[in-house]
Amino acid sequence: MDETLPMEWRGRIRVLLYGMDLRSRADADDLTRSVNRILKRQRFGDDPEEFYDAVVAALRSGRVLAEDGQDEGAVRSALTGIVERFDARRPWPPAPFVEQDVQLWDELRAAPVVGVVQRGISKVGLAFGLHARPVTVGADRLDVLVVRMLSGRLVGMRASGVWGAPTVDVLSPADPEAVRAEIAEATGLVVDPP
C-alpha cells in the first residue's frame, strides 16, 4: 500500500505545521497562530477550506503523517487541534480582498494615485499572495494587480519608480485614506500618501 500523502495534502499540512517542533506535543498557542495565519489569508490567498479539507482527509486516511523525526502522535494531535480551532472559529471571516480580472485595469488607469508603496511590484504581489499581470496600454506594457477589497473598493496597483528604487502606485476612485488603511490592514504593507 502506498503510504505517501498526496502532495496537495502534504503541502498544506507543512504550511500549517511550519515552525512547530513535533518531536513532542505542540504548544496550544502555536496551533492557534497557525489557524489565525490561514484565516487572515496571509498564505498566498489560499482558501481556508482547502487547508481544512486537506487536514481532515489526511487524518482519516490512516497514512503516516509524521516526517523527518516528527512523532506521529504529536503530528496527529497537532492536526486534530488545528481542525478543532478551525471549527471553533466558524463562520470564518471573509477574505480581505479578492483578485479581479486584469481587464478591470481599464476602469482604474485614469483613477487617481491614492498611495505609494516603497517596494517592487513582485514584493507587493507577494504581500497580497498574487502575481502581477501584464497589460498593454498603447505602446506601454505595465505590470499590474487589480483587487476588490472587502469594503468593495476597487484598487489597482502598477509598477513605478526607477531601477534600484522600485515603487508601486496605488490607484482607486475611493477615499485615499480608507484605501491606504485597508491595504495596510490586509497585507501589512506601508502605503504612503502620494
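For the structure itself, look to the data block above.
Residues numbered from 1 in each chain as written. Predicted model: local features only at pLDDT ≥ 70, side-chain atom pairs only at ≥ 80, totals over all residues. Heavy atoms only, no water.

Scanning the protein for helices and strands turns up 7 helices and 6 strands. Starting at the N terminus and ending at the C terminus, the protein contains elements arranged as α-α-α-α-β-α-β-α-β-β-β-β-α. Expressed as lengths along the three principal axes of its C-alpha atoms, the size of the protein is roughly 60 × 30 × 30 Å. Counting only residues that meet the buried cut, the protein has 40% of its 194 residues in that class. (Helix = DSSP H or I, 4+ residues; strand = E, 2+ residues; numbered from the N terminus. Buried < 20%, exposed > 50% of the residue type's maximum accessible area, 1.4 Å probe, protein only.)

Moving on, we come to the side chain of R180. In this fold, R180 is placed in helix 7 (residues 176-187). One buried charged residue, R180, forms no salt bridge at all, with the nearest opposite charge on E177 at 4.9 Å. In terms of polar contacts, R180 uses its side chain to reach the backbone carbonyl oxygen of V114, at 2.6 Å. With sequence-adjacent residues up to four places away left out, R180 is seen in contact with V114, G115, V191, D192, P193 and P194. (Lys, Arg positive; Asp, Glu negative; His and termini not counted. Salt bridge = Lys/Arg side-chain N within 4 Å of Asp/Glu carboxyl O. Polar contact = N/O pair within 3.5 Å; in protein donor to acceptor, adjacent residues only side chain to side chain. Contact = heavy atoms within 4.5 Å.)

Quick look at unusual backbone geometry now. Following R90, the chain continues to P91 via a peptide bond in cis, the omega torsion being -5°. Secondary-structure assignment places P91 in the loop between helix 4 (72-88) and strand 1 (97-99). Of note, D68 is a non-glycine position whose phi angle comes to about 40°, a positive value.

For the rest of this paragraph, the subject is the pattern of salt bridges. When their charged atoms lie close together, side chains carrying opposite charge are able to pair. Summed over all chains, the structure comprises 12 salt bridges. Between R33 and D30 there is a salt bridge; the shortest N-O distance is 2.5 Å. Remark: D30 and R33 occur in helix 2 (residues 28-39); sequence separation between them is 3 residues, near one turn of the helix. Residue R33 is classed as partly exposed on the basis of its relative accessible area of 47%. Put simply, R10, R14 and E67 are held in one network by salt bridges that share partners.

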